[in-house]
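# A closer look at the structure
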Amino acid sequence: MKKPLLELTDVSLSYHTPAGETDALSHISFQVPKGSFIAIVGPSGCGKSTILNLICGLLKPEEGQILLNGTSLPEKPEHIGYMLQKDHLFEWRSVYKNILLGLETQKRITPKKKAYIDRLMVTYGLDSFRKARPSQLSGGMRQRAALIRTLALEPELLLLDEPFSALDYQTRLQVSDDIGTIIRREGKTAVLVTHDISEAISMADTVIVLTRRPARVKTIIDIDLGLAERTPLSSRNAPLFKTYFNQIWEELNSHA
């Protein structure tokens, strides 16, 4: 087994308000090996995004520990990239300057970083839109730009919080294929939160199924579709795809 890049062990969290305490997560444990793609699914409101917020340091667990490369998370983990539901591209900046934004705010712009961005923009079809405004891009191209902005920071771990949920179904399929292919080609480790079972199966090596709140890990399912050159779109046509879909559906809808 590959060495884990990320480890969560017995992580628990409750939200405290004047109205009382709400248990969000209960003893969550899983590992993310280097170079793998993990998807997390679960009932609506069970705390999927809360797990990502814990991993990137926005929240602190009340119990348990989170390790990155075998050590506790720093206050500001620079080696983690977070891709949100919205692309958050600024209309007053060109596509290229939007992609530079993370490096700019961290004062990390170098000739080497710019060369890396140039390669990504050429490889993934955005080079001719360098001077365009975000409103001139399709939804899929905007998401590609948001991903390249995240990759420009060269994170060891990518967190994806339902990054395709704002897109229509057809665009969503194409963009998930684009993004999944880019992540695998660039050799990144990724954790995706999604409510879409098909998306989880098509993109991930492993699917973690959570219970209702307070969320626990109900089961962990390794995905092996028997495809040599796997992409998200080709995964959906694999004979075993339906078997995995039915298995995860049953896990989500049984209350045991």
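Rules used in this analysis
- Residues numbered from 1 in each chain as written.
- Predicted model: local features only at pLDDT ≥ 70, side-chain atom pairs only at ≥ 80, totals over all residues.
- Heavy atoms only, no water.
- Helix = DSSP H or I, 4+ residues; strand = E, 2+ residues; numbered from the N terminus.
- Rg over C-alpha atoms; globule rule 2.2 N^0.38 Å.
- Contact = heavy atoms within 4.5 Å.
- Lys, Arg positive; Asp, Glu negative; His and termini not counted.
- Charge placed at Lys NZ, Arg CZ, Asp CG, Glu CD.
- Buried < 20%, exposed > 50% of the residue type's maximum accessible area, 1.4 Å probe, protein only.
- Polar contact = N/O pair within 3.5 Å; in protein donor to acceptor, adjacent residues only side chain to side chain.
- 1 Å grid on protein atoms, 1.4 Å probe; cavity = no way out; pocket = protein on both sides within 12 Å on 5 of 7 lines; lining within 4 Å.
- Points joined across faces, edges and corners; volume = space filled by probe spheres on them.
- Nonpolar A, V, L, I, M, F, W, Y, C, P; charged D, E, K, R; others polar.
- Pairing = 2+ DSSP bridges.
- Axes fitted to C-alpha atoms, helices over the stretch in contact; angles between N-to-C directions.

### Structural notes on the overall build of the chain
Along the chain, the regular secondary structure elements total eight helices and 10 strands. In terms of overall size, the chain behaves like a compact globule, its C-alpha atoms giving a radius of gyration of 18 Å where 256 residues would be expected to give roughly 18 Å. By principal-axis analysis of the C-alpha atoms, the chain measures approximately 55 × 45 × 40 Å. Within the chain, contacts between residues at least 6 apart in sequence are counted, and of these 70% link residues at least 24 apart. Charge separation in the chain, taken as the distance between the mean sites of 32 positive and 29 negative side-chain charges, equals 7 Å.

### Topic: the side chain of Asn98
Residue placement: Asn98 occurs in helix α2 (residues 95-105). Overall, Asn98 belongs to the buried group, its relative accessible area being 1%. Within the structure, Asn98 has its side chain in polar contact with the backbone nitrogen of Phe90 (distance 2.7 Å). Within polar-contact distance, the side chain of Asn98 engages the backbone oxygen of Arg93 at 3.0 Å. Once residues lying within four places of it in the same chain are set aside, the contact partners of Asn98 are His88, Leu89, Phe90, Arg93, Pro134 and Arg149.

### Observations concerning the layout of surface pockets
What the largest pocket holds in volume is close to 600 Å³. As for the largest pocket, its lining consists of 22 residues, of which Ile80, Gly81, Tyr82, Gln106 and Leu153 are closest to the centre. Breaking the lining of the largest pocket down by element, the ones donating at least two residues are β6 (80-83), α2 and α4 (139-151). It is β6 that contributes the most residues to the lining of the largest pocket, four residues altogether. Taken together, the residues of the lining of the largest pocket break down into 11 nonpolar, seven polar and four charged.

### A few points about the sheet that holds strand β2 (residues 20-33)
Spatially, β2-β1-β4-β5 is the arrangement adopted by the four strands of the open sheet, whose pairing is antiparallel. Of all the strands in the sheet, just β2 and β5 (71-72) have a single pairing partner and so form its edges. With 10 bridges connecting them, strand β1 (residues 4-17) and β2 associate as antiparallel partners. Looking at the pairing, Leu13 lines up with Leu25 of β2. Those strands touched by helix α1 (residues 48-55) are β1, β2 and β4 (63-68), and its axis lies near 115° from that of β1.

### Some points on the environment of Asp196
Note on placement: Asp196 falls in the loop between β8 (189-193) and α6 (197-203). Judged by relative accessible area, Asp196 falls into the buried class, the value being 18%. Residues Asp196 and Val41, 155 residues apart in the sequence, show an inter-C-alpha distance of 7.6 Å.

### Points about unusual backbone geometry
Leave glycine aside and you will find that most residues have negative phi; peptide bonds, for their part, are mostly trans. The linkage connecting Arg213 with the following residue, Pro214, adopts the cis geometry, with an omega of -5°. Within the secondary structure, Pro214 sits in the loop between β9 (206-210) and β10 (217-222). Of note in the backbone geometry, Asn69 takes a positive phi value of approximately 55° without being a glycine. Along the chain, Asn69 falls in the loop between β4 and β5. The backbone of Glu162 shows a phi angle near 45°, a positive value even though the residue is not glycine. Inspection of the secondary structure assignment puts Glu162 in the loop between β7 (157-161) and α5 (169-185).

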